[in-house]
Amino acid sequence: MKVIAKLTVRSLFLVLILHSCADDRAELSPPDVSSLRSPVELIRFDEVMMDIDTADVASGMKRLDGEFGDFSDVYFRHITPLRRGDLSPEEQALAMKAFLTYPLIQEIHQRVAERFSPEVMNGQKEKLEQALRYYKYYLPDAPRPDTLVAFIAQFELAAFLYGDGQMAVGLDFFLGPEFDYQSVDPREPIFSDYLARAYTPDHMTSKLMQVLIDDYVPRPRAGRLVDFIIYEGKKAYLLNKVLPETPDHLLHEVTEEQMNWLRDNEIAIYASLQKENQFFDESPDLVRKLTQPAPSSPGMPAESPGRAVNYLGEKIVEAFIRANPQTSMEELLAIENGQEILAKARYKPR
């Protein structure tokens, strides 16, 4: 017997929802960037530095200057500041010898050598190049680095830009959970669990791209919380676009459980800000507490991750783009008024 299903209003509504979800997935499909080029040269400053003969440190430092030029100068002035005005060349050489033979540096060097073989670092370089292809797709005129210098220090910086927009990565910040960061100094905030969970090789490309995005996206001129929430949301939105295959919890530097909490509590986060009338609060202390890393978000449950409002900012930016699909990435980033984006987003938390 042939059965003919009746198309009821309810079934029609379900069809429309499913069709809409399919369209959303198509929208979220990353663009084809295979034809774009953004090559990166990988340079292992760390290996050459740690290979210096401690019996002739002065010659070794000259070799670093000759091979690495600008980066060597940046490293010895700002990362491991041996070239201070009050140190003679002889004192600099003695300080460098002490640095190279210091037990913690020796351990870091050994861990880095084990974790970051040439093959592994080449894989990291390829991930960065792919991210830069997406970056070029969305921001064709934005500067991009063509050099990545790997270094080690005593946990000074995970990544930074130097010179003419070149990039450097501190491999000591990506040793993974096998390295006990808190044992270095339990009193040091940068070794707290909520930060150290992002010190893994899987986070390297994201950390590098964050540095590039932070440098490019203009900070808000106004001091209202809404402006900073949208500012952080724009950066998170762009990071998601240039790393489309990276899981959200890695991009947001939270646990998978905390990522689920963010998804499940979007309405609660929004309601909390409205209830406390915080969107237009201009307190720098409030902006810092809510948008910068923390164990949890003030005024929210203990299971919330820090910076929960930044996730909300990303959702508002996504809503803005859905409501204004003609807006380019460059145009989006140029809008500094967070209230304008919030209003035009017609945002409804889910």
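All residue numbers refer to position in the chain's written sequence, counted from 1. Confidence filtering applies because this is a predicted model: local features only for residues at pLDDT of at least 70, side-chain atom pairs given and counted only at 80 or more, and all residues used for totals across whole chains, interfaces and linings. Note that water and hydrogens are dropped before the side-chain values are worked out from all heavy atoms of the structure.

A separate point is the sheet that holds strand 1 (residues 41–44). Any two strands with at least two DSSP-identified bridges between them are counted as paired. Segments assigned H or I by DSSP are reported as helices when at least four residues long, segments assigned E as strands when at least two residues long, and all are numbered from the N terminus. Taken together, the 4 strands give an open sheet; going across it, the order is 1-2-4-3, and neighbouring strands pair in mixed fashion. Across the chains shown, the open sheet's two edge strands, defined by having one partner strand only, are strand 1 and strand 3 (159–162). Each adjacent strand pair in this sheet contributes to an overall mean axis angle of 25°, direction not counted. As paired elements, strand 1 and strand 2 (residues 147–151) share 4 bridges and run parallel to each other. Paired with I43 across the two strands is V149, which belongs to strand 2. Contacts are assigned to residue pairs that have any heavy atoms within 4.5 Å of one another. Only the stretch in contact is used when a helix axis is fitted, and all axes are lines through C-alpha atoms; the angle between N-to-C directions ranges over 0 to 180 degrees. Along the sheet, helix 6 (residues 118–138) makes contact with strand 1, strand 2 and strand 4 (166–170), crossing strand 1 at roughly 140°.

This part is about the environment of I316. Residue position: I316 is located in helix 14 (residues 308–323). Accessibility expressed as a relative area gives 1% for I316, which makes it buried. Spatially, the C-alpha atoms of I316 and L36 are 30 Å apart, while their sequence positions differ by 280 residues. I316 has contacts with I230, I341, L342, A345 and Y347, leaving out every residue within four places of it along the chain. Exposed residues in this analysis have more than 50% of their type's maximum accessible area, buried residues have under 20%, and partly exposed residues fall in between, with area computed by a 1.4 Å probe over protein chains only.

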